[in-house]
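Chain by chain, the residues run as shown.
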Number of protein chains: 2
Amino acid sequence: MSRIGFVGLGIMGTPMAANLVRAGHEVLGHDVDAGRVGQLVAAGGTAAGSVAAATEADVVVTMLPDSPQVEEVVLGPGGVLEHAKPGLLLVDASTIRPDVAERVAREAAERGVRALDAPVSGGEKGAVDGTLSIMVGGATGDVEAARPVLDVVGGTVVHVGPSGAGQTVKAANQLVVAGTYALVAEAIVLLEASGVDPAPALDVLAGGLAASRVLELKRASMIAREFTPGFRIDLHHKDMGIALAAARDAGVALPVTGVVAQLVAAARAQGLGALDHSALLMVLETISGRDYR
Amino acid sequence: MSRIGFVGLGIMGTPMAANLVRAGHEVLGHDVDAGRVGQLVAAGGTAAGSVAAATEADVVVTMLPDSPQVEEVVLGPGGVLEHAKPGLLLVDASTIRPDVAERVAREAAERGVRALDAPVSGGEKGAVDGTLSIMVGGATGDVEAARPVLDVVGGTVVHVGPSGAGQTVKAANQLVVAGTYALVAEAIVLLEASGVDPAPALDVLAGGLAASRVLELKRASMIAREFTPGFRIDLHHKDMGIALAAARDAGVALPVTGVVAQLVAAARAQGLGALDHSALLMVLETISGRDYR
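Residues numbered from 1 in each chain as written. Chains lettered and ligands numbered in written order. Predicted model: local features only at pLDDT ≥ 70, side-chain atom pairs only at ≥ 80, totals over all residues. Heavy atoms only, no water.

(A) Structural context of the UniProt feature "domain: 6-phosphogluconate dehydrogenase NADP-binding" (unreviewed entry) in chain A. Within this structure's numbering, the places UniProt gives as "domain: 6-phosphogluconate dehydrogenase NADP-binding" (unreviewed entry) are residues 3-161 of chain A. For residues 3-161 of chain A, the helix share is 42%, the strand share is 25%, and the end-to-end C-alpha distance is 27 Å. (UniProt positions renumbered as here; feature names shortened; annotations may be inferred. Helix = DSSP H or I, 4+ residues; strand = E, 2+ residues; numbered from the N terminus.)

Here it is, written out as structure tokens:
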């Protein structure tokens, strides 16, 4: 069993850390909001008063909102790299820009720290159930060393390439998911505006080449305009920014993703940020002057 | 058993008509290209020298390339409506504009002919195997009357609404399919340009919320750049035109579909029209200056 520092105890981080406690690990939990540590302590974890305290461990897992927080917590003054003992394994489960993940890995290596980018998908339910999909970038030996920890929080753990590759795959995942919501939304708008009942129509689509997990899981709630998250528009907006930054960095143009990203931005601009990402449907309705409220 | 006229013996029509023969129906086959009738005759069908001859039947099935051909064969001089006996059941299996399907149904009703729009999906394989998905628009009684015929050529037959609704659902299907190809293509471009092996990456995507039938069936051939049709870009280009015409007719704007339609048009402009629709990947590569040849 390992001693694991866990930094970032939000909606995803808290159940992930609790699963590590349940698996027998000693977990030193930290969050900028000290109030959030209580839930982990109740689950059998230990409160760490600072990043430095959480770094007194063999493995540090970070689960933070975005690239700037990871830069601050890992690279900044008082951060993980400043306090790490050589050989520390750093697993960043946050979804951030691939280039930042590469920089973290580079600076970590200079300090003798082994860093992995390990963004997850599967949402709060996957975090609670320990069934997250984890896309891991980094050196093979480091991925193997981290596997006992990753296997506790994840159901599917795939080593997809060197440092940054995990984040690139997550970006690809998020652009496909948002785009699929936009396509299903446009299908619903066309069907309803044409006077066609979308329920049997989408049943047909879900049985053919148009089938997708989004259609399978979300067509009923989208038709009913039930947009309780789930995964919030605000977070998907952040992820679309990461996808387009990754594309810029790789020197490619993604025209469909560009349009979809602007539609997600519109959802946020229309005050829908706290709703489920399937609420992209409301943006497509608004564009065509169809009132959704 | 019925006497069935079948007009349009192309890649789809010939196996559909042959399945009707096999099910015990008398099939009167016609095509503008008389040479195409031979295969049906060899399968046990009867050659009809004209549309009028094929219309000497209880049911007429049309399987034609596009809206103008349906207007000509059904509404034009010497066409189905001119020769139909009252009570004839007209099943148009072509993929055409919903407004044309509505007009066909309206003019058919004036002649005492019962018309259904019944576009299919499932491709040549579905036509040969008799497992097509069929989206049927029309009156409930007429759909029930046609069901013995539809069940021979289709595996899934869904009555989706009144006249034109079948075509609207087909249009929605085609916009989702083309859009999904574009999204998977952009994911592949981003991954490869970032130096990430797309095979394990797309395996991860196919296991989560980004999953789709397109990813399931086509990711390996897309990564390998194998674009043997399947369903040709030329035909999907036609269908995107139908989807945008349907949107215009319904008074809605579909921004993602608009972009995707232009990418399909680009594929055609680049001489890729005879390749499988998954060849949309080549367009996304060209846009980013990545050579695919």
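After that view of the structure, there is still more to cover.
(B) Quick peek at the UniProt feature "domain: 3-hydroxyisobutyrate dehydrogenase-like NAD-binding" (unreviewed entry) in chain A. As recorded in UniProt, the sites labelled "domain: 3-hydroxyisobutyrate dehydrogenase-like NAD-binding" (unreviewed entry) are residues 164-283 of chain A. End C-alpha to end C-alpha, residues 164-283 of chain A measures 32 Å, and it is 72% helix and 0% strand.

(C) Looking closely at the pairing of strand 4 (residues 59-62) of chain B. Residues and elements named next belong to chain B. Across the two faces of strand 4 the burial is the same, with Val59 and Val61 and Val60 and Thr62 all buried. Judged from the 4 bridges that link them, strand 1 (residues 3-7) and strand 4 form a sheet pairing that is parallel. What sits directly across from Gly5, in strand 4, is Val60. (Buried < 20%, exposed > 50% of the residue type's maximum accessible area, 1.4 Å probe, protein only. Pairing = 2+ DSSP bridges.)

(D) Molecular detail of the relation of the copies chain B and chain A. The two copies are related by a screw operation: chain B maps onto chain A through 180° of rotation and 0.0 Å of translation along the axis, at an RMSD of 0.0 Å. The two molecules are tied by a two-fold rotation axis, judged by turn and shift. The rotation axis passes nearest to the C-alpha of Ser212 of chain B in chain B, at a distance of 1.9 Å. Most of the interface of chain B is mirrored in chain A, where 100% of its interface residues again form contacts. (Least-squares fit on C-alpha atoms with pLDDT ≥ 70 in both. Contact = heavy atoms within 4.5 Å.)

(E) Summary view of the interface of chain B and chain A. Tallying the contact residues gives 57 residues for chain B and 57 residues for chain A. Taken together, the two surfaces of chain B and chain A that pack against each other cover about 4700 Å², and 77% of this comes from carbon and sulfur. Counting the surface chain B buries against chain A, the share from its top three residues, Leu183, Leu190 and Leu209 of chain B, is 15%. Counting the contacts that link chain B with chain A gives 0 salt bridges. Connecting chain B to chain A are 8 residue pairs in polar contact (both at pLDDT 80 or more). Put simply, the parts of the chain that give the side of chain B that touches chain A at least two residues each are strand 9 (154-161), helix 9 (165-193), helix 10 (198-206), helix 11 (213-223), helix 12 (233-250), helix 13 (255-269) and helix 14 (280-287) of chain B. It is helix 9 of chain B that contributes the most residues to the side of chain B that touches chain A, 20 residues altogether. For the side of chain B that touches chain A, the per-class residue count stands at 42 nonpolar, 12 polar and 3 charged. (Buried area = accessible area lost by both parts, 1.4 Å probe. Salt bridge = Lys/Arg side-chain N within 4 Å of Asp/Glu carboxyl O. Polar contact = N/O pair within 3.5 Å; in protein donor to acceptor, adjacent residues only side chain to side chain. Nonpolar A, V, L, I, M, F, W, Y, C, P; charged D, E, K, R; others polar.)

(F) Structural detail: the domain arrangement of chain A. All names here are of chain A. Under the domain assignment used here, chain A contains domain 1 (3-161) and domain 2 (168-287). Distance from the C-alpha centre of domain 1 to the C-alpha centre of domain 2: 29 Å. Opposite the 12 residues of domain 1 that make contact, domain 2 presents 10 residues. Summing the contributions of domain 1 and of domain 2, the shared interface buries around 930 Å²; its carbon and sulfur component is 69%. The largest share of the area that domain 1 buries against domain 2 comes from Thr95, Pro98 and Met135, three residues that together contribute 45% of it. If you look at where domain 1 meets domain 2, you find 0 salt bridges. Connecting domain 1 to domain 2 are 4 residue pairs in polar contact (both at pLDDT 80 or more). Those elements that provide at least two residues to the side of domain 1 that touches domain 2 are helix 6 (98-110) and strand 7 (120-121). Here the residues of the side of domain 1 that touches domain 2 sort into 7 nonpolar, 2 polar and 3 charged. (Domains from an automatic or database assignment.)

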